[in-house]
Amino acid sequence: MTPHPPLVAAVDENWLQQAADRLPGAVLTRKPEWEALTLTVGGRLFGMYGADNLGRLILTMKGDPLENEALRQEFAEIVPGYYANKQHWNSVLLERATFSAERLGEMLEESYTLVFGRLTKKLQAELRDSR
């Protein structure tokens, strides 16, 4: 099995923008006060890219609590969400990641789906129709 290149080399603002462009209503925004990029849908956060308190690049995403725990057990580079609810959010240490950018994209889409599903049906329809 060939190891994947570190995600820190693949995940950047361009990668995040491409991910946002594939998701109805997703918006990538720079948050200077957080020194981070955020991904939102309907004004609700579903991803945050930046550095943790040790300077490690991370991508923090929402997830199902049981799935989050399973991912943490399977991958040492997935840790409880940095500056987030530890049950509902995971952070991926991008420099240590052993899985592909495609798998990370799937995790980001799962985060989006969870947050999108919590929006009002009216807003969901508006976001879908705006494409």
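Residues numbered from 1 in each chain as written. Predicted model: local features only at pLDDT ≥ 70, side-chain atom pairs only at ≥ 80, totals over all residues. Heavy atoms only, no water.

Trainee: Quick question: what am I supposed to make of the packing of aromatic side chains here?
Mentor: Two aromatic rings, taken as a pair, are described by how far apart their centres are and by the angle between their planes. Inspection of the entire model under this criterion finds four aromatic pairs. Pairing Phe75 with Phe99 gives two aromatic rings, centres 5.0 Å apart and planes at 70°, and the pair type is edge-to-face. With Phe75 in the loop between α3 (65-74) and β5 (78-80) and Phe99 in the loop between β6 (89-93) and α4 (101-117), this residue pair connects regions lying 24 residues apart in the sequence. Judged by relative accessible area, which is 5%, Phe99 ranks as buried. Members of the aromatic cluster, joined through ring pairs, are Phe46, Tyr112 and Phe116. Lying over the aromatic face of Trp34, Lys31 brings its terminal NZ or CZ to 4.7 Å of the ring centre. (Phe/Tyr/Trp six-rings, centres within 6.5 Å; stacked < 30°, edge-to-face > 60°. Helix = DSSP H or I, 4+ residues; strand = E, 2+ residues; numbered from the N terminus. Buried < 20%, exposed > 50% of the residue type's maximum accessible area, 1.4 Å probe, protein only. Lys NZ or Arg CZ within 6 Å of the ring centre and 35° of its normal.)

Trainee: Could you clarify how one ought to interpret the pairing of strand β4 (residues 57-62) in this entry?
Mentor: Within a regular beta strand, the side chains point alternately toward one face of the sheet and then the other, so they alternate between its two faces. Looking at chain direction, strand β3 (residues 44-51) and β4 are connected through five bridges and run antiparallel. Looking at β4, one finds that Met48 is bridged to Thr60. Strand direction decides the pairing type here: β4 and β6, joined by five bridges, are antiparallel. Its bridge partner lying in β6, Lys62 is registered against Trp89. (Pairing = 2+ DSSP bridges.)

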